[in-house]
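Working through the structure, step by step
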Amino acid sequence: MTRPHFLHPFAKPAADAASFTTIVRGEGAAVFDADGTRYVDALASLWFCGVGHGRTEVADAIGAQAKQLAAFHTFERYTNEPADRLAAELVALAPMDDARVFFTSSGSEAVDSAMKLARLAHARAGHPERTIIVSRTNGYHGTAYGGTSAQGIAPNKEGYGQLLADVVQVDHADVEDAARLFAEHGDRIAAVIAEPVIGAGGVIPATTEYLAGLRRLCDDHGALLVLDEVITGFGRLGSWWGAQRYGVRPDAVTFAKGVTSGYQPLGGVLLGPAVHEPLAADPDFILRHGFTYSGHPTACAAGLAVVDILRREELPARAAHIGDRIRTGLQALKDDGLLEDLRGDHGIWAAIVPGDRAAAVRDHMLTSGVISRYLGTSVVALCPPLVIDDADLDRCIEAMHDALQSTS
Ligand code: PLP
């Protein structure tokens, strides 16, 4: 038994080094371990690798930028071309008019930035009393203190002491719960944050009516609607944004993961005018928020290359096909009595496994060469790269079939 020097995230600190699989190479929808075993990457690594692994055009873009200017900060008064170009691309794609972009290096930083900027925008507009951030049960918004406070997965909040004040969870499916909170505290609410499809909290798609209800409550009470699209952005739901899939207009959108497909750490927040205009109203006001690597040129070069691939290969449109094939496969497993249920949308799915066997099913699937992820005790998630072919999609379903039979 050897404990690795590397203290792994979301893993048992006591785990033996030998329990980790060393991934050494990736190609398309597959990755390979140190022994050369091929695995279908059925979760796009951690919900991020839309364009697939091993794309040399992305590696080349990163290499070229790193040689020219690997990094330089973007605090006053510096900028760089990849950051400016990517910001322009994202503004053109944004699901709201007149957006601006704030860059981070991760989804957690994006969420914390959105929470801070929502409060700050209200404060700058003369309403410093608007500090309440409303989030949803089962929501996952990362692991910085803002996102830890906002997330609705109870075990992820335990042991960290006092979390952020004025962050309140409402039921993820019942808009009336949010309505009750707004009725009581509407004039103190800064923002609502919601994932179009809850990811890590169990793969739970929102309904159009639910999101429209949140939009209406925000409009009626002067609050901002933030969509956390760290998983759902960049084509996962068949459009560039879940906002478009569900026909809801956000005031801000957090993104990360898919923007670079993970080739470089990058995230950010798309900000609509309701957020960025109050910040720019006073020409002498200084935004005292940001990260050393906000607008990191090499990360933004990766983002430009990935957005180009997504557009050129029309990968967002592929999510519909992926969704049809996974749904058909999972439905067949349910019809055979192997699955309790299934849920999902386009490129992101949950198989609901009977008997709290999700971890065992995940483990068995791994031995059949498919990497999935269990969430809680009963969900096994599938969210493959958008470039996955039908043969590999079928491998995912076959591996789940075998795992469900072998572990019953
Ligand atoms: N928000 C959502 C919806 C996520 O799924 C995640 C990560 O899975 C995050 C935020 C946090 O992103 P990161 O792990 O890059 O900090």
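Here, the structure is the one placed above.
Just so we're clear, the structure is a prediction, and the values are computed from it rather than from any experiment. (Residues numbered from 1 in each chain as written. Predicted model: local features only at pLDDT ≥ 70, side-chain atom pairs only at ≥ 80, totals over all residues. Heavy atoms only, no water.)

1. Some words on the packing of aromatic side chains
Using the following cut-off: Paired rings are identified among Phe, Tyr and Trp, the last through its six-membered ring, by centres lying within 6.5 Å, and are further divided according to the angle between planes into stacked (under 30 degrees), edge-to-face (over 60) and tilted (the rest). Note on classification: 1.4 Å probe, protein chains only; a residue is buried when its accessible area is under 20% of the maximum for its type, exposed when over 50%, partly exposed between these limits.
Counting across every chain of the model gives six aromatic pairs. Consider the rings of Phe72 and Tyr78, whose centres lie 5.4 Å apart with planes at 80 degrees: the pair is edge-to-face. Residue classification places Tyr78 among the partly exposed residues on the basis of a relative accessible area of 45%. Plain terms: the ring middles of Phe234 and Trp240 are 6.3 Å apart, the flat faces sit at 85 degrees to each other, and that makes the pair edge-to-face. You can call Trp240 buried: its relative accessible area is 16%.

2. Concerning the site of the ligand
Inclusion rule: Note on definitions. A residue lies near a molecule or strand when any single heavy atom of the residue is within 4 Å of it. The definition of a polar contact used here is a pair of N or O atoms within 3.5 Å, where within protein one atom must be able to donate a hydrogen and the other to accept one, and adjacent residues in sequence count solely through side-chain atom pairs. Methods summary: accessible areas were calculated by the Shrake-Rupley approach with a probe of 1.4 Å, and residue burial reflects only the protein chains presented. Any residue outside Ala, Val, Leu, Ile, Met, Phe, Trp, Tyr, Cys, Pro, Asp, Glu, Lys and Arg is labelled polar, Gly included; the first ten of those are nonpolar and the last four are charged.
The environment of the ligand is made up of Ser106, Gly107, Ser108, Tyr140, His141, Gly142, Glu195, Asp228, Val230, Ile231 and Lys257. Asp228 places a side-chain nitrogen or oxygen 2.7 Å from a nitrogen atom of the ligand. Contact distances for the ligand include 3.0 Å between an oxygen atom and a side-chain N or O atom of Lys257. Taking 390 Å² as the accessible area of the ligand by itself, protein coverage stands at 83%. Within the shell around the ligand, the residues separate by chemical class into three nonpolar, five polar and three charged.

3. Considering helix H12 (residues 358–367)
Let me state the cut-off plainly: Helix numbering and strand numbering both begin at the N terminus, where a helix is a DSSP run of H or I of at least 4 residues and a strand a DSSP run of E of at least 2. To be clear, the arc concerns the directions from the helix axis to the C-beta atoms. What makes two residues a contact is simply this: any of their non-hydrogen atoms within 4.5 Å.
For H12, the set of buried residues is Ala358, Val361 and Met365. The arc that holds every buried residue of H12, seen down its axis, measures 60 degrees, which confines them to one face. In this structure, the buried residues of H12 make contact with strand S15 (370–371), strand S16 (373–375), strand S17 (379–382) and helix H13 (390–407).

4. Observations concerning the environment of Val31
Here Val31 is to be found in strand S2 (residues 30–33). The spatial distance from the C-alpha of Val31 to the C-alpha of Gly369 is 9.7 Å, given a sequence separation of 338 residues. The residues touching Val31, leaving out its near neighbours within four places in the chain, are Ile23, Arg25, Gly26, Thr37, Arg38, Tyr39, His53 and Ile371.

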